[in-house]
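Structural features, examined
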Amino acid sequence: MYLSRFLSLHALWVTVSSMMQHYPSVWGHYDVCKTQIYTEEGKVWDYMACQPEARDMIKYVKVTLDPPDITCGDPPETFCAMGNPYMCNNECDASTQELAHPPELMFDLEGRHPSTFWQSTTWKDYPKPLHVNITLSWNKTIELTDNIVITFESGRPDQMILEKSLDYGRTWQPYQYYASDCLDAFHMDPKSVRDLSQQTVLEIICTEEYSTGYMTNSKIIHFEIKDRFAFFAGPRLHNMASLYGQLDTTKKLRDFFTITDLRIRLLRPATGEIYAAEQHLARYFYAISDIRVYGRCKCNLHATGCKEENKRLLCECEHNTTGPDCGKCKKNYQGRPWSPGSYLPIPKGTANICIPSISSIGNPPKFDRIWPNISSLEVSKPNQANVCDNELLHCQNGGTCINNVRCQCPPAYTGILCEKLKCERDPGGCSQNSGQGAISHGPLLLLTALLGATGLCIC
């Protein structure tokens, strides 16, 4: 009896799960830019915010080294074995494929034996510092979605800085400092990301966590993206709605996870000691076997695709936008200033599509949506600003636009576009019954209804 009930409940849950595949998740995936809906006026397009899927961005990277002749092998030289600094009969020779260690080996497939890696020259010019800059460029704005991971084949460096650029390498700012002694190297107290909070998530820290000497199981350096996401989305990133809301309203936070270039500044190789041993300089060098950077093309929530064209990444723009990042309106679609899409309201966001120019209304270009009223283009009342528009600038959370000048909000909401819960102003905050749970309760209500229909219950 209990087994049959269990099997019935399992079959019911499979049915509910398949139905929920089309039920919008609480945070939204933003993987569709528009969908057709039926209204009293017929079939029209419903636009929503959208973004490309995250991918391995290393496939599209261009790498440069400074100084350019820092790679070992020209002329050939010997170096000490990894993990055994007293076995110094290994050779790096750029003219022999089996002995060469060029920069592209930082990005090839791992798992082969022997492992492949880029390697610098040894510290033969000691005491002159052995400094190397490795610059990764995309010629495209990228939004990071996962940890940056650098795997060293040699010991992890005693001192290193990870830097980012938002303007294609014209200016740089530090992302994180790495050192075996932060106070000595950078005059900073050591910290880890675990020491941060929502309020200090943008703080640039120095960590000693990844700067130990050579160990076979300690080759990796992280820049922790997901741990910073977790301050807003929870430890397992279940509450992405909260993170998206913060990214939508806090430009500094959004820019923190956005890059066009990364630079790895290697300042001191692993020595395991305060002073390098001059009689053993072949022990000291840098070697990197793998770099991982996951992210998505920044398309300002106006595209779900990003293509490579002439060795350059370009957003496949929708919403009548154009440009490498969908950063402007198409010709004849400049009826109002361009604006990025918005993650809010969850789960579909706001598309902020570009609308036809006033001059094009008489002989309009092809446009795959219902045409707006002339009043929404600010023609009938040129001196009156549009606050809302029931076709293009939706009042949120079920609000109704009144004469383009104000939103009439449902009882639980307030704000210019009904974007805020009234209960947020109360000292006690919002309870689960305040309206914000309407979406998240949908699947549970559906399950309850189906259970009632079958005579089953969750006891």
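Description of the structure in this document. Residue indices begin from 1 for each chain and proceed along its sequence in written order. Reporting in this predicted model follows two pLDDT cut-offs: at least 70 for local features of residues, and 80 or more for side-chain atom pairs to be given and counted; totals over whole chains, interfaces and linings ignore these cut-offs and use all residues. Calculated side-chain values reflect all of the structure's heavy atoms, with hydrogen atoms and water omitted.

**Comments concerning the overall build of the chain**
Only DSSP runs of H or I with at least four residues qualify as helices, and only runs of E with at least two residues qualify as strands; both kinds are numbered from the N terminus onward. When its secondary structure is counted, the chain shows 6 helices and 24 strands. Accessible area is worked out with a 1.4 Å probe on protein chains only. A residue is then buried under 20% of its type maximum, exposed over 50%, and partly exposed in between. Taken over 459 residues, the chain has a buried fraction of 44%. We call two residues contacting when some pair of their heavy atoms lies within 4.5 Å. Intrachain contacts of the chain at a sequence separation of at least 6 include 62% that bridge at least 24 residues. Areas reported as accessible are Shrake-Rupley estimates using a 1.4 Å probe. Residue values count occlusion only from the protein chains shown. Here the chain has roughly 24900 Å² of accessible surface; of this, 52% comes from carbon and sulfur atoms.

**Here we look at the pairing of strand β17 (residues 306–309)**
Here, strands pair whenever DSSP counts at least two bridges between them. Relative to strand β18 (residues 312–315), β17 is paired through 4 bridges, and the arrangement is antiparallel. For Cys 306, the partnering residue across the bridge sits in β18 and is Cys 315. With antiparallel pairing between neighbouring strands as the criterion, β17 and β18 make up a hairpin whose turn holds 2 residues, including Asn 310 at a positive phi of roughly 55°.

**Section: the state of the cysteines**
Disulfides are defined as pairs of cysteine sulfur atoms found within 2.5 Å of each other. As enumerated under the stated definition, the model contains 8 disulfides in all. Between the sulfur of Cys 80 and that of Cys 88 lies a disulfide, 2.0 Å long from S to S. In this structure the cystine formed by Cys 80 and Cys 88 twists about its S-S bond by roughly 80°; its chirality is therefore right-handed. The partly exposed category is assigned to Cys 88, whose relative accessible area is 35%. The disulfide partner of Cys 329 is Cys 354, and the gap between their sulfur atoms is 2.0 Å. Across the S-S bond linking Cys 329 and Cys 354, the dihedral sits near -75°, which makes this disulfide left-handed. Separated by 25 residues along the polypeptide, Cys 329 in strand β20 (residues 328–329) and Cys 354 in the loop between β20 and β21 (400–402) bring together distant segments of the chain. For the pair Cys 329 and Cys 354, one class covers both residues: buried.

**Here we look at unusual backbone geometry**
The residue after Asp 74, namely Pro 75, is reached through a cis peptide bond having omega 5°. The residue after Ile 346, namely Pro 347, is reached through a cis peptide bond having omega 10°. Residue placement: Pro 347 occurs in the loop between β20 and β21.

**Here's the deal with the nonpolar core**
Remark: nonpolar core denotes a set of buried residues (Ala, Val, Leu, Ile, Met, Phe, Trp, Tyr, Cys) joined through side-chain atoms within 4.5 Å. Grouped together as the largest cluster of nonpolar side chains are 62 residues, with contacts concentrated most on Trp 118, Ile 134 and Trp 138. Judged by nonpolar contacts, the second largest core, of 8 residues, contains Tyr 177, Ala 179, Met 188 and Leu 267.

**Some points on the packing of helix α3 (residues 225–233) against helix α4 (residues 240–249)**
Where α3 meets α4, the closest approach of the two axes is 7 Å, and the angle between their N-to-C directions is 100°. Compared by their axis directions, α3 and α4 come out roughly perpendicular. Contacts from Phe 229, Phe 232 and Ala 233 in α3 reach Met 240, Ser 242, Leu 243 and Gln 246 in α4. Looking at the contact of α3 with α4, its residues break down into 5 nonpolar, 2 polar and no charged. Every axis corresponds to a line fitted to the C-alpha atoms, with the helix fit spanning only the stretch in contact, and the corresponding angles, defined between N-to-C directions, vary from 0 to 180 degrees. An angle below 35 degrees is read as roughly parallel, one above 145 as roughly antiparallel, one from 65 to 115 as roughly perpendicular, and any other as oblique. Each residue is assigned to one class: nonpolar for Ala, Val, Leu, Ile, Met, Phe, Trp, Tyr, Cys and Pro, charged for Asp, Glu, Lys and Arg, and polar for all the others, Gly among them.

**As for α3**
Burial in α3 covers these residues: Ile 225, Arg 228, Phe 229, Phe 232 and Ala 233. Burial along α3 is one-sided: seen end-on, the buried residues are contained in an arc of 130°. Next to the buried residues of α3 lie β8 (132–144), β9 (148–152), β11 (173–179), β13 (220–223), α4 and α5 (251–256). Backbone geometry just after α3 places Gly 234 at a positive phi near 90°. Of all possible arcs, the one meant is that of the directions from the helix axis to the C-beta atoms.

**Comments concerning the pairing of β8**
Along β8, 11 of the 13 residues are buried, which leaves the element largely enclosed by surrounding structure. As paired elements, strand β4 (residues 62–66) and β8 share 5 bridges and run antiparallel to each other. Along β8, the bridge assignment pairs Asp 66 with Asn 133. Pairing of β8 with strand β14 (residues 258–268) involves 8 bridges; the strand directions are antiparallel. Across the sheet, Ile 134 pairs through a bridge with Ile 264, a residue of β14.

**So, the sheet that holds β13**
Backbone-to-backbone hydrogen bonds pair the strands of a sheet. The strands run either parallel or antiparallel. Ordered by their spatial adjacency, 4 strands build an open sheet running β7-β15-β9-β13, and the pairing between neighbours is antiparallel. The open sheet is flanked by β7 (118–119) and β13, the only strands paired with a single partner. Bridging between β9 and β13 involves 4 bridges; their strand directions are antiparallel. By the bridge assignment for β13, Ile 148 is matched with Phe 223.

**Considerations on α4**
For α4, the complete set of buried residues consists of Met 240, Ala 241, Leu 243, Tyr 244, Gly 245 and Leu 247. Each element contacted by the buried residues of α4 is listed here: α3 and α5.

**With respect to the packing of aromatic side chains**
Stacked, tilted and edge-to-face are the three classes assigned to paired rings of Phe, Tyr and Trp, where Trp is represented by its six-membered ring and a pair needs centres within 6.5 Å; plane angles under 30 degrees give stacked, over 60 edge-to-face, the rest tilted. This structure, assessed with the given rule, holds 13 aromatic pairs. Seen from their ring centres, Tyr 177 and Phe 186 are 4.8 Å apart, and the 55° between their planes marks the pair as tilted. Taking the relative accessible area as the measure of exposure, Tyr 177 reaches 17% and is therefore buried. Seen in terms of ring centroids, Phe 256 and Phe 257 are 5.2 Å apart; in terms of plane orientation they differ by 90°. Their pairing is edge-to-face. Judged by relative accessible area, Phe 257 falls into the buried class, the value being 3%. Three or more aromatic residues joined by ring pairs make a cluster, and in this case those are Tyr 175, Phe 223, Phe 229, Phe 256 and Phe 257. Note on criteria: charge over ring means Lys NZ or Arg CZ within 6 Å of the ring centre, with the direction from the centre no more than 35 degrees off the ring normal. The ring of Trp 45 carries the charged tip of Lys 34 above its face, separated from the ring centre by 4.5 Å. Taking the ring centre of Trp 172 as reference, the NZ or CZ of Arg 263 above it sits at 4.3 Å.

Coordinates in, geometry out; function isn't part of it.
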